[in-house]
Structure formats: C-alpha cells, structure tokens
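Given next are the chains, with one letter for each unit.
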Amino acid sequence: MPTTKPELLISEESIQARVSELARRISEDCPAGEELLLVGVLRGCFIFLADLSRRLTAQARIDFVALSSYGQATRTTGAVRLLMEPRADIEGKHVLIVEDIVDTGHTLHYLVGILGARGPASLKTCALLRKPSRMEKKVTIDYLGFDVPDRWVVGYGLDCADRYRGLPYIGVVNASPE
Ligand code: 5GP
C-alpha cells in the first residue's frame, strides 16, 4: 500500500476554475440548438467528465469508451485497442471526446481516427492534462486544461495502480505502478 501523500501539482481551486472555463467555451462553441455527445475515455475521465458536464449550458448526452491502457506499466507501447464501444451512434452527432490526460497521444489519435470514420457532424477533443514533452503523435486538443511535466500524476480521477483517484487535486507520486 502506498503511504506517501502525493506532492501537490494543481490545486482543487485551480482545477475547478479551469473546468468552469472549459465548460463555458465548449458551450459557446456548440452550434445553436444542437446537442453535444460527450464521449468519455474510461476510467480516468470520470470525475472530470462529471464536473464538466454539469457546468455545460449546451445540451449534452454522455457516453463512454474504454481503450487498452498501460495496465500496470507507466509507458505505452503505442498499440491501442478499443475494449468498449460507445453505445451511441456517432453518425451526424457533434462529438466531444473527453480524456483525462494525453501523454504520447497514441490513445487520442486512435480514438479520433475510429470515431471520425463514423461520420460525426463534428469531432472535437478535450483533455484535462497534457504532457507536451512526451508527445509522439500529432493530435489536436481543442480544449485543454493544463500542461504538466513528465511525472506520474494522480488524483481527480487519475490513478496509480487504481489508487488516489478520489483526491480533489492533481498530485505527483514517485511510486510508479510498474
Ligand atoms: P497516451 O496514449 O497519450 O500515451 O496515454 C494516455 C493514457 O495514459 C491516459 O488516458 C492515462 O490512462 C494514461 N496516463 C498517461 N500518463 C499518465 C499519468 O501521469 N498518470 C496517470 N494516472 N495516467 C497516465
């Protein structure tokens, strides 16, 4: 069991202010009278998506996908697989992918590819965090919360071996899930 308290990186207040700002921009950018389809990437998105969706003034439906992740490793192999399909039909919808963190970019790049091929009316991306120094795939993030350094971040839905997800802030841990 990890006993160390994660070192504070982004405070609860900063996260909440940024999530409100993102929700405002997303709502403003939604075409008038249209509905958004939020597609959250499990599992790390669940708290971010919950807060974001409750602050949108635009109408939104919520769906989820699950993709193969690092498992117990901290470094991606680049090979991504869809483990759980969205329930909604993507065709003709204004889709917004909601990710917890973009690291190498492989996951988001793959998801944009497969959902984009299903004929959405529009397809945008939102990520709470990005590690710019680790990007391997060029992928557009239309709505970004924060850039973070190349450390293992936890809290606000993000885990280290399924721990720390309930923290209200983003912290860094030295212990890796490997
Ligand atoms: P990518 O395909 O962009 O390399 O990886 C994206 C996924 O890796 C994220 O959705 C997340 O599950 C995981 N990930 C990458 N870096 C971190 C990190 O620092 N902390 C946590 N908890 N997950 C991470």
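All figures in this text were calculated on a predicted structure; none of them were measured in a lab. (Residues numbered from 1 in each chain as written. Predicted model: local features only at pLDDT ≥ 70, side-chain atom pairs only at ≥ 80, totals over all residues. Heavy atoms only, no water.)

## Quick notes on the sheet that holds strand β8 (residues 152-154)
Here is step 1: Spatially, three strands are ordered β1-β9-β8 in an open sheet, and the strand pairing comes out antiparallel. What marks the edges here is a single partner per strand, and that holds for β1 (7-10) and β8. With direction set aside, neighbouring strand axes in the sheet form an average angle of 45°.
Here is step 2: Pairing geometry for β1 and strand β9 (residues 170-173), over three bridges, is antiparallel. By the bridge assignment, Leu-8 is partnered in β9 with Gly-171. (Pairing = 2+ DSSP bridges. Helix = DSSP H or I, 4+ residues; strand = E, 2+ residues; numbered from the N terminus. Axes fitted to C-alpha atoms, helices over the stretch in contact; angles between N-to-C directions.)

## Examining the packing of helix α1 (residues 12-29) against helix α2 (residues 46-55)
Here is step 1: Here α1 crosses α2 at 50°, and the two axes come no closer than 8 Å. With respect to α2, the axis of α1 lies oblique. Note that α1 runs across α2; the crossing there is right-handed. Side by side, α1 and α2 meet where Gln-16, Val-19, Ser-20, Leu-22, Ala-23 and Ile-26 of the first sit next to Phe-48, Asp-51, Leu-52 and Arg-55 of the second.
Here is step 2: For the contact of α1 with α2, the class distribution of residues is six nonpolar, two polar and two charged. (Parallel < 35°, antiparallel > 145°, perpendicular 65-115°, else oblique. Left-handed = near helix turned anticlockwise from the far one by under 90°. Contact = heavy atoms within 4.5 Å. Nonpolar A, V, L, I, M, F, W, Y, C, P; charged D, E, K, R; others polar.)

## What about the nonpolar core?
Here is step 1: Phe-48, Leu-52, Leu-129 and Ile-170 are the most contacted members of the largest nonpolar core, which has 30 residues in total.
Here is step 2: Listing elements by their share of this core, those giving two or more residues are α1, β2 (36-42), α2, β5 (94-102), β6 (122-130), β7 (143-147) and β9.
Here is step 3: Of the residues forming this core, the biggest block, five residues, is contributed by α1.
Here is step 4: Apart from the residues lying within four places of it in its own chain, the contact partners of Ile-170 are Glu-7, Leu-8, Leu-9, Ile-10, Ile-15, Leu-128, Leu-129, Val-153, Val-154, Gly-155, Tyr-156 and Leu-158. (Core = buried A, V, L, I, M, F, W, Y, C linked by side-chain atoms within 4.5 Å. Buried < 20%, exposed > 50% of the residue type's maximum accessible area, 1.4 Å probe, protein only.)

## Some points on the sheet that holds β6
Here is step 1: Strand order in the open sheet formed by six strands is β4-β3-β2-β5-β6-β7, and the pairing between neighbours is mixed. The open sheet has two edge strands, β4 (82-84) and β7, and neither has a second partner. Across the sheet, the mean angle from the axis of one strand to that of its neighbour is 30°, orientation sign disregarded.
Here is step 2: Relative to β6, β5 is paired through eight bridges, and the arrangement is parallel. By the bridge assignment for β6, Val-102 is matched with Arg-130.

## As for the environment of Arg-18
Here is step 1: Here Arg-18 lies in helix α1.
Here is step 2: Considering only alpha carbons, one finds Arg-18 and Gly-157, 139 residues apart in sequence, at a separation of 16 Å.
Here is step 3: The contact partners of Arg-18, leaving out residues within four places of it in the chain, are Arg-25, Leu-144, Gly-145 and Phe-146.
Here is step 4: Within polar-contact distance, the side chain of Arg-18 engages the backbone oxygen of Leu-144 at 2.8 Å. (Polar contact = N/O pair within 3.5 Å; in protein donor to acceptor, adjacent residues only side chain to side chain.)

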